[in-house]
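Observations on chain architecture
The lines below spell out each chain.
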2 protein chains.
Amino acid sequence: MAPVKNGRHLFNEIPTGYPEPGKTTIYDDSETIDLEKALLNGGFLVKTLVVSIEPVILGRMRDQSIKSPIPPFHVGQPLNNYGVGKVLRSENSTFKPGDHIYGMLPFQEYFVAQDPKRYKLLENKEGLSWSVYIGVCGMPGQTAYYGWKEWSSAKKGEVLFVTAASGPVGSTVVQLAKADGCKVIASAGSDEKVAFVSSIGADVAFNYKSVPTRKVLEKEGPIDIYWDNVGGEMLEAAIAAAGTFARFIECGMISQYNTQDPYPLENLFNIVTKQLKIYGFIVTSLHAKYEAQFYREIPCRVAAGEIKYKEDIHCV
Amino acid sequence: MAPVKNGRHLFNEIPTGYPEPGKTTIYDDSETIDLEKALLNGGFLVKTLVVSIEPVILGRMRDQSIKSPIPPFHVGQPLNNYGVGKVLRSENSTFKPGDHIYGMLPFQEYFVAQDPKRYKLLENKEGLSWSVYIGVCGMPGQTAYYGWKEWSSAKKGEVLFVTAASGPVGSTVVQLAKADGCKVIASAGSDEKVAFVSSIGADVAFNYKSVPTRKVLEKEGPIDIYWDNVGGEMLEAAIAAAGTFARFIECGMISQYNTQDPYPLENLFNIVTKQLKIYGFIVTSLHAKYEAQFYREIPCRVAAGEIKYKEDIHCV
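Residues numbered from 1 in each chain as written. Chains lettered and ligands numbered in written order. Predicted model: local features only at pLDDT ≥ 70, side-chain atom pairs only at ≥ 80, totals over all residues. Heavy atoms only, no water.

The name given to chain A in an unreviewed UniProt entry is NAD-P-binding protein, with Obba rivulosa as the source organism.

Further remarks concern the side chain of Thr273 of chain A. Relative to the helices and strands, Thr273 of chain A resides in helix 8 (residues 270-273). What makes Thr273 of chain A buried here is its relative accessible area of 17%. In this view, Thr273 of chain A contacts Pro69 and Ile282 of chain B; residues no more than four positions away in its chain are not counted. (Helix = DSSP H or I, 4+ residues; strand = E, 2+ residues; numbered from the N terminus. Buried < 20%, exposed > 50% of the residue type's maximum accessible area, 1.4 Å probe, protein only. Contact = heavy atoms within 4.5 Å.)

Attention now goes to the environment of Ser90 of chain A. Residue and element names in this part refer to chain A. Residue placement: Ser90 occurs in strand 6 (residues 80-90). With 83 residues separating them in the primary sequence, Ser90 and Gly7 have C-alpha atoms 21 Å apart. A polar side-chain atom of Ser90 sits 2.9 Å from the main-chain carbonyl oxygen of Asn92. Side-chain polar atoms of Ser90 contact the backbone oxygen of Phe95, separated by 2.7 Å. (Polar contact = N/O pair within 3.5 Å; in protein donor to acceptor, adjacent residues only side chain to side chain.)

In this section: the sheet that holds strand 10 (residues 159-162) of chain A. One open sheet accounts for 12 strands, arranged 12(A)-11(A)-10(A)-13(A)-14(A)-15(A)-15(B)-14(B)-13(B)-10(B)-11(B)-12(B); its pairing is mixed. This sheet does not close on itself; its edge strands, each paired only once, are strand 12 (204-207) of chain A together with strand 12 (204-207) of chain B. Across the sheet, the axes of successive neighbouring strands diverge by a mean angle of 15 degrees, strand direction being ignored. Bridge analysis of strand 14 (residues 242-250) of chain B against strand 15 (residues 277-280) of chain B gives four bridges, and the strand direction is parallel. (Pairing = 2+ DSSP bridges. Axes fitted to C-alpha atoms, helices over the stretch in contact; angles between N-to-C directions.)

Before going further, it helps to examine the interface of chain A and chain B. Facing 29 residues of chain A, the contacting portion of chain B comprises 29 residues. Here chain A meets chain B over a buried area of about 2,500 Å², counting both sides, of which 69% is carbon and sulfur. Linking chain A to chain B there are zero salt bridges. Of all the secondary structure elements, the ones that give two or more residues to the side of chain A that touches chain B are strand 14 (242-250), helix 7 (254-257), helix 8 and strand 15 (277-280) of chain A. The leading source of residues in the side of chain A that touches chain B is strand 15 of chain A, at four residues. Of the residues contributing to the side of chain A that touches chain B, the split by class is 20 nonpolar, six polar and three charged. Note: strand 15 of chain A against strand 15 of chain B, three bridges, orientation antiparallel. By the bridge assignment for strand 15 of chain B, Ile278 of chain A is matched with Ile278 of chain B. (Buried area = accessible area lost by both parts, 1.4 Å probe. Salt bridge = Lys/Arg side-chain N within 4 Å of Asp/Glu carboxyl O. Nonpolar A, V, L, I, M, F, W, Y, C, P; charged D, E, K, R; others polar.)

After a rotation of 180 degrees and a shift along the axis of 0.0 Å, chain A superposes on chain B with an RMSD of 0.0 Å. This pairing of chains is accounted for by a two-fold axis. When you check the interface residues of chain A against chain B, 100% turn up at the interface there too, and the contact is symmetric in its surfaces. (Least-squares fit on C-alpha atoms with pLDDT ≥ 70 in both.)

Right, here's the structure in full:
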């Protein structure tokens, strides 16, 4: 078989604001690969099926000198992130042709991998579409599940507030909280997103661009749990509306990632007076504790329709 | 015996800034009490020996309408706070004359109490001075001990930063941390205080008014544990200097109590990226869990000279 094109999305330039396809990243199809003859050297050849586009990618588009627990991208190299691939050929006993694997994949159509420990075999007995394994059954779902299990201490009747509630993490949190008997207050940034959040069970869903968050929380709170995906002003509003002993699960602060002008919080004294507990976390830290439980439980519940999701798929 | 004067410190006026003796509080000795004949109605007559003056008192000098877990004072009534008293007469079987009791005492020379459950009998087998029981062996020592036991997760060689380190809470934290094998960085607001903090074992003690906190932490950190008594700019510096998984024990934010202009923190995004855990607490919430252990352990260690303290005593 003749070599085929092996398209790649390369990191091209550190963005000063938001990333711009064609500038900060470029699509390159100058390389080819012979799928039958490419040397495996004891590894396995993978066809990339889906990769996930997430806010964390922007944080990795940085200068090498800036330290962070998440490694930076290298200019001229493909981006990489969680994805699902199909094994085409293998010289490694862990994976056989036809297997589907999950892990950090390059944004590249085909690649040869050496280390099977860096990938997880997806059994997918439920027959879900593979893209689900980078969403609600992948890292975003794990983020929601791990954080909720570890820190919510949710009791029936307690009140959760979750921001960015229509996203893959937020929408999973909404449904885990409802399953635990919580009242869920959820915010999102468009009426369409709000409709989706309502459809998956949020008791109070609102568009934070048209309704003041503080007013909603004053009426519907006090809150026992805040799941933060946003930070800044929303975090301040949640602190203002928190009840004594409220738990804050700090999953992300999207409003603060891409700004030279971070929002200055002024009500932190409430951390002491309200005896708040605030848990910052990155999903990988809880992987060892919850991964097996997650794959046992969540794909089943998704297949059964107990946990709903919405995908935003782009084909290239 | 003729009636004697029964002096009281009354709450007189809500302060707009700092309290002013003679204005926001007044000393009143117009009342008298007959120590032999005063009716006890099944209660017990107590002579107040020592009461504690603490920052929390200012928070209680507020308008009745402002909610807080700690109740406000009432204008025209004596202040009250933790203190030690001696039982002079008793009609209750729990306490007998000569007993020393600890609890919330009015700022008043003599008072009749009814509810023995509100006071703790101090055995003081160690023969410590009674004032120690409102300091290192009282609420401030409990604050340090409970918070440290509950949230520090201290491991040998870890780095603690503690602010207001010469105070009764801070200085106890310094010594608990040293006993657990931590490196202790401690700040205080005068050279005299710094000398005291060094004398009780802090590895790095500095006057935050003359040395920039951020510089000290950059050199001596990263920090694994921050014990916060101060909030504001110091909290921001601690977040900047925190290592991954650092624990923040939020005991107080003295810099933020008495200001119309709270310090705006701008680096909270690190809570997520550094996976910080932040624990706000008030000592009473951990009382049930740690009180017995505290009284078994701390007075002994104080009597043995293992835990040192400094007192600031005013006689009236």
